[in-house]
Amino acid sequence: MSFAYMTYARDRKSYGFGQRPENIHSLAQQFASPADDYKPHAWWHWLGSNFSKEGMTKDLQAMKDAGIGGVVVFNAPSWLDPSKNPWQHQTYRSVTYWDALKHALAEAKRLNMTVGIHNSPGWSTTGGPWISPEDGMQAVTYGKTSLKGGRQVKITLANPRENTESAQYFKDVALIAVPANKEFSAGDMLDISEYMDAGGTLDWHVPEGDWTVYRTGHYPTFTRSHPTPEDVAEYSLEVDKMNRDATVRHWNNVLNPFIDRFENHIGTTFRYIWIDSYEAGDQNWSPGFRSDFIRMKGYDPVMQLVMADMRGDSILSKHHGLRYPENAAHETALFLRDWSDVINRLFLNCWQTGKEMVNRAGFTLCWEPYCSWGGGPFDMNEGVAIADVPVTEFWVHSGDVLGDKTIAKVAAASEKRIVGAEAFTGMEATCRFTETPHMLKRPADMGYSFGVNLYFLHSWAHNPFDDKYQPGFNFAHYGTHFSRNQTWFEPGKAFFTYLARCQMLLQQGSLVSGIGETLHRSTPEAEIFFVRNTGDAREMTVEFPVAGRIPELWDAYSGLIKSAGRWKQSGETTSVTLTMERDASVFVIFPAQKTAYTKLPETKVVKETPVDISGEWTVYFKPKTDEEPFQKKFAELVDFSRQDDAAVKYFSGTAIYEKTVRINAADLSANRAVTVDLGTLYDIAEVEVNGKKAGVLWCPPYRTDITSLLKPGNNVLRIHITNTWINRLIGDEQYPEDFEWTDRNQGLRAMTGLPEWFVKNQPRPVKERRTFIPWYYFDKNSALYPAGLLGPVKLSKQEVTATITD
């Protein structure tokens, strides 16, 4: 069925994300394990024709298990030779493609997950193989011909786009004659369009004098959607962003196939249509631009374009946009200002049209309404108001930099409660399987502190192959490597839980302020503040604009809620003293009413006694690849990467350290605690005592309280340490290659295509190679990364007391 026969979707105030618990008690009940709606989502890149139902089921199940709430499908290229993959028939929007998407939606429904999809193939911006050159982005140009007057002429004027791919699509706008060699005004200019036929032949009696004839028209820029699956890369064009009719045709082509095939999923499982950040380049014209300009500004832009040229102001850029000459005449500068404003208005009108069509079809529009390289042809603030869910972005290598720091404030002014972010995008300089939850926490907290409250992880590349091929596909050299094949996938679930806890609280109420290190949201039930420490470990006193309420500390890292022990009220403010480790964060919450849920007291250590646990460790090695597990004994803690044994030196996976420790009964009495501090480790830890889990430690200091798991006498302490893929990848480089490489693929070493033995599922020629990855960051001489538990591991007996309020 066509969307044209559908009514507008139901009230979208929540936009399908998050819930609003009725009171602070329901928030507390969910804090340890937030509902699915608050969980982060993932960008799910399908790479060319390399997709499989089996892989989709595994990916989605892994995401569900990890704490991912939904996915956004992006159809991207593989950047490999498509003739060398096993599924060459699986082209974009083919029968097998639709069948695969049907399967993905059914699996997502089974798992209570949601699915979105980018409107166009690739990530930028709005377009597809259904866009004709006539409906593509347009730019204006002109050609000039000098004529002597006082005679009849019949000449064929040159096509201004002659010898270009756009020549056959050039459309005349107007033919303007200007008297040469004298001062002139618009009144001296003649529109002689009626004297030129469709083939460009001018048949005109030229008045006395010298004349310059301007043949003005527009042409398609042939800007292509990018980067798209290989089978549509050459003819997937960007739609005209200022032409409403073309925009409607584009969105019909996007939405109608979804409605026809998946109507039963739309609005429930299948919820979101995505528009990524604007990377489609410039356009400065469209078929109706002249009349639109006259309607908005009251004068003819063609005449002003010609006059600008006659003044010597060159205002058309070679990239199909506008130039702003430094020494342009005042009249030219005013014209350019008006031209830019009309472009902005027409862009926004078409974005609004698209949004309305998306909503009418039953979807929510998630949109990054800004230009990736800054500036851009339309106003971001107005774009935020159009989007159902406005979205920004941040990159792992960019430090404390959000795509736009004001977007949450602008969204709040437009009554948008949810603000998304394309989160943890990266390049090979920082994302070479070097990413760990610890590395990701700082940028995560940065985004939250500016008001973002829903993350879309960049990127979870679809892995269609058997799990024996690990790490498997990655999204070229872009993004953090989230995957079911990540070494730290299992313990990393704690990181995703942290994100969900933060997002649950940050989606409540309305944004009051976000100033980088402290964010404030207000609800009828509570005042919510998110505080982060970007410096070294310290004690800090923070003043909050709240009075008459008792502060609580909600720790999203541990899931624990504590009473604030050190706080003072003075006038209309309350100051709270916090002990903050480096890169730590905490929610300081001021409930409106007295609360009845359990809150731990904030405690202070009054005496601490170390417990000697030096000596031998038994270490059980569980490689992430299909190698056999093995065990070794170490007289002391060592860096695996510095060992001579290749199995240890190039180890990637989880190493389990075991030792027995003795605890006295007196150490477990009231007001006593026993903690373990793991010291230095690479890269994430899980502590286990007597077979019971004590939690995952993914951020320093790697320290936790294990009192409740201990017993008098002997106790078995097991410490699971997981490192990254790096050392195993470098280890494989010590052996001959059993595939062909190219270094021409985006400047990074990559396979030319999937090797024949892989496609035919034959035994691997070089059996010593254990990993499989199409894009490579290392060679045999690359430096290994530290790995394992380096310690020192310290067990401490503590005498504690509840902190007394100041």
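For the structure, see preceding data.
Residues numbered from 1 in each chain as written. Predicted model: local features only at pLDDT ≥ 70, side-chain atom pairs only at ≥ 80, totals over all residues. Heavy atoms only, no water.

Draft legend 1. Spatial organisation of the environment of S124. Mapped onto the fold, S124 is located in the loop between β3 (114–118) and β4 (127–128). For S124, a relative accessible area of 1% translates into the label buried. Placed 104 residues apart in sequence, S124 and T228 show a C-alpha to C-alpha distance of 8.9 Å. When neighbours within four sequence positions are excluded, S124 is seen to be in contact with H118, R224, S225, H226, E238, S277, Y278, E279 and A280. For S124, the side chain forms a polar contact with the side chain of T125, separated by 2.2 Å. A polar side-chain atom of S124 sits 3.1 Å from the main-chain amide nitrogen of E279. (Helix = DSSP H or I, 4+ residues; strand = E, 2+ residues; numbered from the N terminus. Buried < 20%, exposed > 50% of the residue type's maximum accessible area, 1.4 Å probe, protein only. Contact = heavy atoms within 4.5 Å. Polar contact = N/O pair within 3.5 Å; in protein donor to acceptor, adjacent residues only side chain to side chain.)

Draft legend 2. Structural context of helix α6 (residues 301–311). Burial of α6 is extensive: nine of the 11 residues sit out of reach of the surface. Taken residue by residue, α6 has P301, V302, M303, Q304, L305, V306, M307, A308 and D309 as its buried positions. Those residues of α6 hidden inside the fold are in contact with β5 (138–148), β7 (171–179), β8 (190–191), β10 (210–220), α5 (289–297) and α7 (330–360). For α6, the capping residue at the N-terminal end is D300, with a side-chain oxygen 2.9 Å from the backbone nitrogen of V302. Of the residues flanking the end of α6, it is G312, one or two places downstream, whose phi is positive at about 95 degrees.

Draft legend 3. Geometry of helix α2 (residues 53–66). With 14 residues, α2 should cover 20 Å at 1.5 Å per step; its first-to-last C-alpha distance of 20 Å lies within 8% of that length. Of the residues making up α2, those classed as buried are G55, M56, D59, L60, A62, M63 and A66. End-on view of α2: buried residues confined to an arc of 160 degrees, all on one side of the axis. Elements that come into contact with the buried residues of α2 comprise β1 (41–47), β2 (70–76), α3 (95–110), β16 (454–461) and α11 (493–506). At the exit of α2 stands G67, carrying a positive phi of roughly 105 degrees. (Expected span 1.5 Å × (residues − 1). Arc of directions from axis to C-beta.)

Draft legend 4. Inspection of the pattern of salt bridges at higher detail. Applying the stated rule across the entire model yields 44 salt bridges. The partner of D667 in a salt bridge is K797, and the shortest N-O contact between them spans 2.9 Å. In this pair, D667 is assigned in the loop between β30 (653–663) and β31 (672–677) and K797 in strand β40 (residues 794–802), connecting sequence segments 130 residues apart. A relative accessible area of 21% places K797 in the partly exposed class. Residues joined by salt bridges that share partners form a network here, namely K58, D59, D467 and R484. (Salt bridge = Lys/Arg side-chain N within 4 Å of Asp/Glu carboxyl O.)

Draft legend 5. Structural view of unusual backbone geometry. Here the residue pair Y682 and D683 is connected by a cis peptide bond, since its omega of 15 degrees sits within 30 degrees of zero. On the secondary structure map, D683 appears in the loop between β32 (680–682) and β33 (684–689). The omega torsion of the bond from P700 to P701 falls at 0 degrees, within 30 degrees of zero and hence cis. Note on placement: P701 falls in the loop between β34 (692–697) and β35 (703–705). With a phi angle near 70 degrees, F424 is a residue other than glycine that sits in the positive phi range.

Draft legend 6. Main features of the nonpolar core. W339, F424, Y455 and W554 are the most contacted members of the largest nonpolar core, which totals 139 residues. With 11 residues, the top contributor of residues to this core is α7. Residues W741, M751, W757 and I773 belong to the second largest nonpolar core, which totals 43 residues. (Core = buried A, V, L, I, M, F, W, Y, C linked by side-chain atoms within 4.5 Å.)

Draft legend 7. Expanded view of the sheet that holds β5. One open sheet holds the four strands; their spatial order is β5-β10-β7-β8, and the pairing between them is antiparallel. Lying at the two open borders of the sheet, with one neighbouring strand each, are β5 and β8. Pairing geometry for β7 and β10, over eight bridges, is antiparallel. Counterpart to D172 in the pairing with β10 is G217. (Pairing = 2+ DSSP bridges.)

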